[in-house]
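An overview of the molecular structure
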Amino acid sequence: MDCPTRVASWTSPPRVAAVLVFLASLRPVEASLEESFQFVDQLLMLFVLSMILVLAVKYHRRVIFLFTGEESVRFEVLDSCWIVCCRCGGLCDGEWTRAVSHVLCCWHKSLKGTNLKRGLGQLLGVLPIAVRITNLAVGDLPTFTEAGDFYVSIEVANNPHQITSVAEDQHPKIVHFPEALTLRVKFNPLESNIRFVVKELHTLGSRELCDCYINPMAMLKWRHSKNGPMRFKMEFVDSAQAQHFTFPPWILLEIGMDTEFGPSGGSRIRIMETTTGKAREFTPREFKSRYTLLNTYGMHSSEPDERRFGELDRLKRAKSGLSSFAWLILVLVTLSFVLPRMYCFECYRGYVKIHILEAAGVQFPAEDSVLHRYEVQCGLDSDPKVQLAVDVVNSVVDAGRYSERYLERLPQRFRRTAPPSDAPPDPASLSAAATASFGIGSSDRARRLQDGQQELQQPWDPSAWAVQPQWLSAAGTPPTG
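These figures come from a predicted structure and were not determined experimentally.

So, on to the overall build of the protein chain. Broken down by element type, the protein chain carries 13 helices and 13 strands. Residue burial in the protein chain is summarised as follows: out of 481 residues, 22% are buried. Long-range contacts, defined here as pairs at least 24 residues apart, represent 55% of the contacts in the protein chain between residues at least 6 apart. Just so you have it, the protein chain exposes about 34400 Å², and 61% of that area is on carbon and sulfur atoms.

Structure below.
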């Protein structure tokens, strides 16, 4: 068979129709393959996002440290409620209650001269209570080194970690720490346990050896009981090492009460004298005159005079506090407007949807596909928050347009008595009108005439319509309207 005959056979109508039918049958296959690839792509993206979320939750401290430089976010609902409701946004610290407790708390000596508001916050578990840790020692540490560098780290809630000094070249059987630490503990069952962890310092970083967790409410109970030093058992951080050591690690500490001065409002400075063991109070002026300011080399350094600039510094701080309080009020007012507006807007959208469906004759309950079709047709498929923002912006724009139209009418009302032409009026007519209406003399008439001509030659200023001179009226009467 020659070539033209083959071409004619392949281009015959039955064969062309068969090819077209075959290609048409491939279109659903291509569509299904495309949908399959999209589905697999979505699954892969979901898997990657899930893995990222799991890692972020597992290593949340490192993630927070990467963005903020700290390992935790110090935000608590109780603290926020205390600052907003009980401290008036930070403007009232309750120091005025010390004068009340001096007079009315004579039945209990421990309450005399204390801040009653702060004591109420501590009793409710909102504010922390000072706990003093002394006689700190650890022993039977799970390490095989003969002499090492050890220190203790204490973790209380979201506060920064407190660490002792490094005990150098100490035997792990017993390690003493001479310093005293003050912990801020809340009398609250929701407060997390206090963690004591012993670490060994290495050339590159440190290694946790053992730790223990103490309930904060139990610690506050032991604070009042005054039982003296107490020894607690510690657990191995690496549980696999427990079989290699005979004795369990332990920590010794004495839990006592710490003197809590509280804020002084910047008017008094308290200094503890180690020789007598008593606290002495100074005014800022007395304190700076007694303890001169030195630089890092021990030389005298200059500073502004407290008598001359102390009041200015207090005014600046008061201004900052009032500004913060104003921002707090603004946020509260904004929330009180936005939240009801969002709720009412959602109710209005729901009513509009129901009204549209009833007008279209849809039977309830309607299917989701039917609801979505009518929402798309009526433009109700957008995000409610975006639609609310657009509605607010449109309201503001409409108000601006109304005010512009109103201002455009004002000059027209007050320019009805102006001359119809752009040419200045005749000076003789202005002079006659001024003399007849106000009895102006010749000298005053010439001066005011000149001023009137200059003002009439200037372009119309809408902002000055309220102070137009009365001589603009050619008849000598005030403008109408």
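The next thing to look at is the side chain of Ser-153. Along the polypeptide, Ser-153 turns up in strand E2 (residues 148-155). What Ser-153 contacts, discounting residues up to four positions off in sequence, is His-161, Gln-162, Ile-163, Arg-195, Phe-196, Val-197 and Lys-199.

Moving on, we get to the packing of aromatic side chains. Between two aromatic rings, the relevant description is the distance of the centres plus the angle of the planes. Overall, the coordinates contain 5 aromatic pairs when judged by the stated rule. Arranged with centres 6.2 Å apart and planes meeting at 20°, the rings of Phe-236 and Phe-245 form a pair that is stacked. Both residues of the pair, Phe-236 and Phe-245, count as buried. Between the aromatic rings of Phe-287 and Tyr-291, the centroid separation amounts to 5.3 Å while the plane-to-plane angle is 40°, which identifies the pairing as tilted. Pairwise contacts between aromatic rings join Phe-144, Phe-236 and Phe-245 into one cluster. In this structure, Arg-231 is placed above the aromatic ring of Trp-250, and the distance from its NZ or CZ to the ring centre is 5.3 Å.

A few words on helix H6 (residues 116-123). Along H6, the residues classified as buried are Lys-117, Gly-121 and Gln-122. Seen end-on, H6 carries its buried residues on one side only, within an arc spanning 140°. Residues of H6 that are buried sit in contact with helix H4 (77-86), helix H5 (97-104) and strand E1 (129-139). Looking one or two residues past H6, Gly-125 carries a phi angle of roughly 80°, positive in sign.

Here the focus is the pairing of strand E8 (residues 206-214). Note: strand E7 (residues 194-201) against E8, 8 bridges, orientation antiparallel. Looking at the pairing, Val-198 lines up with Cys-210 of E8. Two strands pair when backbone bridges link them, and E8 and strand E10 (residues 235-236) are joined in this way by 2 bridges, in the antiparallel orientation. Residue Cys-210 lies in a different strand from E10, and its bridge partner there is Phe-236.

Once that is clear, we can look at the state of the cysteines. If you walk through the whole model with that rule in mind, you get 0 disulfides. With no disulfide of its own, Cys-344 has Cys-347 as its nearest cysteine by sulfur position, at a separation of 6.3 Å. In this structure Cys-344 comes out as partly exposed when scored by relative accessible area, which is 49%.

Take the pattern of salt bridges next. Under the criterion given, the structure shown has 9 salt bridges. Here Arg-307 makes a salt bridge to Asp-305, at a shortest N to O gap of 3.7 Å. On the basis of relative accessibility, which here comes to 31%, the residue Asp-305 falls in the partly exposed class.

For the rest of this paragraph, the subject is the nonpolar core. Residues Phe-196, Met-219 and Ile-251 are the most contacted members of the largest nonpolar core, which totals 31 residues. The element that contributes the greatest number of residues to this core is E1, accounting for 5 residues. Non-local contacts of Phe-196, meaning those with residues more than four positions away in its chain, are made with Ser-153, Ile-154, Leu-183, Cys-210, Asp-211, Cys-212, Ile-214, Met-219, Met-234, Ile-251 and Leu-253.

Take unusual backbone geometry next. A positive phi angle, near 55°, is found at Asp-140, a position not held by glycine. Asp-140 gets classed as buried once you look at its relative accessible area, which sits at 14%. Even without being a glycine, Ala-157 presents a positive backbone phi close to 50°. On the secondary structure map, Ala-157 appears in the loop between E2 and strand E3 (162-163). Judged by its relative accessible area of 28%, Ala-157 is partly exposed.

Another point: a nonpolar patch on the surface. A surface patch of nonpolar side chains, amounting to about 510 Å² of accessible area, comprises Val-331, Leu-335, Phe-337, Val-338, Leu-339 and Met-342. Mapped onto the secondary structure, Phe-337 falls in helix H9 (residues 306-359).

Below, the discussion takes up the side chain of Arg-195. Mapped onto the elements, Arg-195 comes out in strand E7. The class for Arg-195 is buried, based on a relative accessible area of 10%. At 3.0 Å, the side chain of Arg-195 and the side chain of Glu-208 are in polar contact. Reaching out from Arg-195, the side chain makes a polar contact with the side chain of Tyr-213 at a distance of 3.1 Å. If near-sequence neighbours (up to four positions away) are discounted, Arg-195 is found in contact with Ser-153, Ile-154, Glu-155, Glu-208, Asp-211, Cys-212 and Tyr-213.

Moving on, we come to the pairing of E7. Across the 8 residues of E7, 7 count as buried, placing the element largely inside the fold. The pairing of E2 with E7 spans 6 bridges and is classified as antiparallel. Residue pairing in the sheet places Phe-150 in a bridge with Glu-200 of E7. Counted along the chain from E7 to the antiparallel partner E8, the turn is 4 residues long, and its residue Gly-205 has a positive phi close to 75°.

In this section: the environment of Val-100. Position of Val-100 relative to the elements: it lies in helix H5. A sequence separation of 16 residues divides Val-100 from Leu-116, and the C-alpha atoms of the two residues are 8.5 Å apart.

For the rest of this paragraph, the subject is the confidence of the model for the protein chain. Low pLDDT means the predicted coordinates in that region are not meant to be read closely. Summing up the model confidence of the protein chain, the mean pLDDT is 75 and the portion of residues at 70 or higher is 70%. The weakest mean pLDDT in the protein chain belongs to helix H1 (residues 3-10) at 49; the strongest belongs to E7 at 94. Contacts from residues 413-423, a stretch scored under 50 in pLDDT, to residues over four places away or in other chains number 9 contacts. In the predicted structure, residues 436-442 sits below a pLDDT of 50 and forms 7 contacts with residues beyond four places in sequence or in another chain.

Calculation criteria
Residues numbered from 1 in each chain as written. Predicted model: local features only at pLDDT ≥ 70, side-chain atom pairs only at ≥ 80, totals over all residues. Heavy atoms only, no water. Helix = DSSP H or I, 4+ residues; strand = E, 2+ residues; numbered from the N terminus. Buried < 20%, exposed > 50% of the residue type's maximum accessible area, 1.4 Å probe, protein only. Contact = heavy atoms within 4.5 Å. Areas by Shrake-Rupley, 256 points an atom, 1.4 Å probe, with all protein chains shown as cover. Phe/Tyr/Trp six-rings, centres within 6.5 Å; stacked < 30°, edge-to-face > 60°. Lys NZ or Arg CZ within 6 Å of the ring centre and 35° of its normal. Arc of directions from axis to C-beta. Pairing = 2+ DSSP bridges. Disulfide = S-S within 2.5 Å. Salt bridge = Lys/Arg side-chain N within 4 Å of Asp/Glu carboxyl O. Core = buried A, V, L, I, M, F, W, Y, C linked by side-chain atoms within 4.5 Å. Patch = residues over 30% accessible without salt bridge, like charges linked within 9 Å, V, L, I, M, F, W, Y side chains within 5 Å. Polar contact = N/O pair within 3.5 Å; in protein donor to acceptor, adjacent residues only side chain to side chain. pLDDT = per-residue confidence, 0-100.

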